[in-house]
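So you can see what is in the structure, the chains are spelled out below.
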Amino acid sequence: MSAIRLVRAIVDSLDDITDLNSLVSRYRLIDSSYVTPIAKALDSPQLVILNYDLAISAAFYLRSREILESKALAETEALVAKAREEGEEWVVIYDYETQSSGYTFFQRLEMHLSDGISLHIASELDLEKGRIFSVEPMVLDLKTGRVKQNSDPPDPRQEFATREDLMAKVVRLRAKYSN
């Protein structure tokens, strides 16, 4: 538990860094001596035996994740605001496509702006079924685009054998949720 507290304290000491380039620059400038005063302030004897270089690496990784999450949140808020300004009914939060072993895989998340009902549309590889296509309705927070806690999905996740069947269902769900 002390190790976790130490890593968190190091992450907290990096709060002033808000972009990845600056974080990398800071990482190059410090060594384990950076951790010593932080560890002493926690006043836990177990911290003496920890590898401070590993704690630094873990902390910088966590801070990088926080920076990326903050950036994604800001981008989502901007997308939602722009879609609202333009009078859109739906907004695409993300739309990714990758190629692997001759197949195209994708993930798309779109949100209905009036109530946060969203569709996660994807293709993926199921080791038993092969390539599948899925749509998973969910409810997102209207501001952040994150899954709303303690909310039941409006419909269950469904899988399809073809992209055409998936998209036909997506069209029906968009119409259903737009009413």
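See the structure shown above.
The following paragraphs examine the structure supplied in this document. The shown structure was predicted, so the numbers you read here are calculated from the model rather than taken from an experiment.

### Section: the pattern of salt bridges
Side chains that carry opposite charge are capable of pairing whenever their charged atoms lie near each other.
For step 1, the next point in the chain: According to the stated counting rule, one finds 11 salt bridges in the structure shown.
For step 2, the next point in the chain: A salt bridge links E110 to R108; the shortest N-O distance between them is 2.6 Å.
For step 3, the next point in the chain: A relative accessible area of 2% means that E110 is categorised as buried.
For step 4, the next point in the chain: Taking the shortest distance from any N to any O, the salt bridge between E159 and K129 comes out at 2.6 Å. With E159 in strand β5 (residues 158-160) and K129 in the loop between β3 (117-126) and β4 (130-139), this residue pair connects regions lying 30 residues apart in the sequence.

### Remarks on the environment of S44
For step 1, the next point in the chain: By the element assignment, S44 lies in the loop between α3 (35-42) and α4 (52-85).
For step 2, the next point in the chain: The buried category is assigned to S44, whose relative accessible area is 11%.
For step 3, the next point in the chain: S44 sits 129 residues away from L173 along the chain, and the two C-alpha atoms are 55 Å apart.
For step 4, the next point in the chain: Leaving out residues up to four positions away in the same chain, S44 has contacts with S2 and R5.

### Comments concerning the packing of helix α1 (residues 2-13) against α3
For step 1, the next point in the chain: Between α1 and α3, the least distance of the axes is 10 Å, while the angle of their chain directions is 125°. Overall, the two elements α1 and α3 adopt an arrangement that is oblique. Relative to α3, α1 is oriented so that their crossing is right-handed. Residues R5, L6, A9, I10 and S13 of α1 pack against V35, I38, A39 and L42 of α3.
For step 2, the next point in the chain: Its residues placed into classes, the contact of α1 with α3 shows 7 nonpolar, 1 polar and 1 charged.

### So, the nonpolar core
For step 1, the next point in the chain: Among the nonpolar cores identified, the biggest contains 18 residues, and L6, I10 and V35 are the most heavily contacted of them.
For step 2, the next point in the chain: Elements supplying a minimum of two residues to this core: α1, α3 and α4.
For step 3, the next point in the chain: Here the element with the most residues in this core is α4; it accounts for 6 residues.
For step 4, the next point in the chain: Non-local contacts of I10, meaning those with residues more than four positions away in its chain, are made with Y34, V35, I38, A55, I56 and A59.

### Some thoughts on the environment of L73
For step 1, the next point in the chain: As for its position among the elements, L73 is in helix α4.
For step 2, the next point in the chain: For the pair formed by L73 and I17, sequence separation is 56 residues and the distance between their alpha carbons is 17 Å.

Each value, and the rule that gives it
Residues numbered from 1 in each chain as written. Predicted model: local features only at pLDDT ≥ 70, side-chain atom pairs only at ≥ 80, totals over all residues. Heavy atoms only, no water. Salt bridge = Lys/Arg side-chain N within 4 Å of Asp/Glu carboxyl O. Buried < 20%, exposed > 50% of the residue type's maximum accessible area, 1.4 Å probe, protein only. Helix = DSSP H or I, 4+ residues; strand = E, 2+ residues; numbered from the N terminus. Contact = heavy atoms within 4.5 Å. Axes fitted to C-alpha atoms, helices over the stretch in contact; angles between N-to-C directions. Parallel < 35°, antiparallel > 145°, perpendicular 65-115°, else oblique. Left-handed = near helix turned anticlockwise from the far one by under 90°. Nonpolar A, V, L, I, M, F, W, Y, C, P; charged D, E, K, R; others polar. Core = buried A, V, L, I, M, F, W, Y, C linked by side-chain atoms within 4.5 Å.

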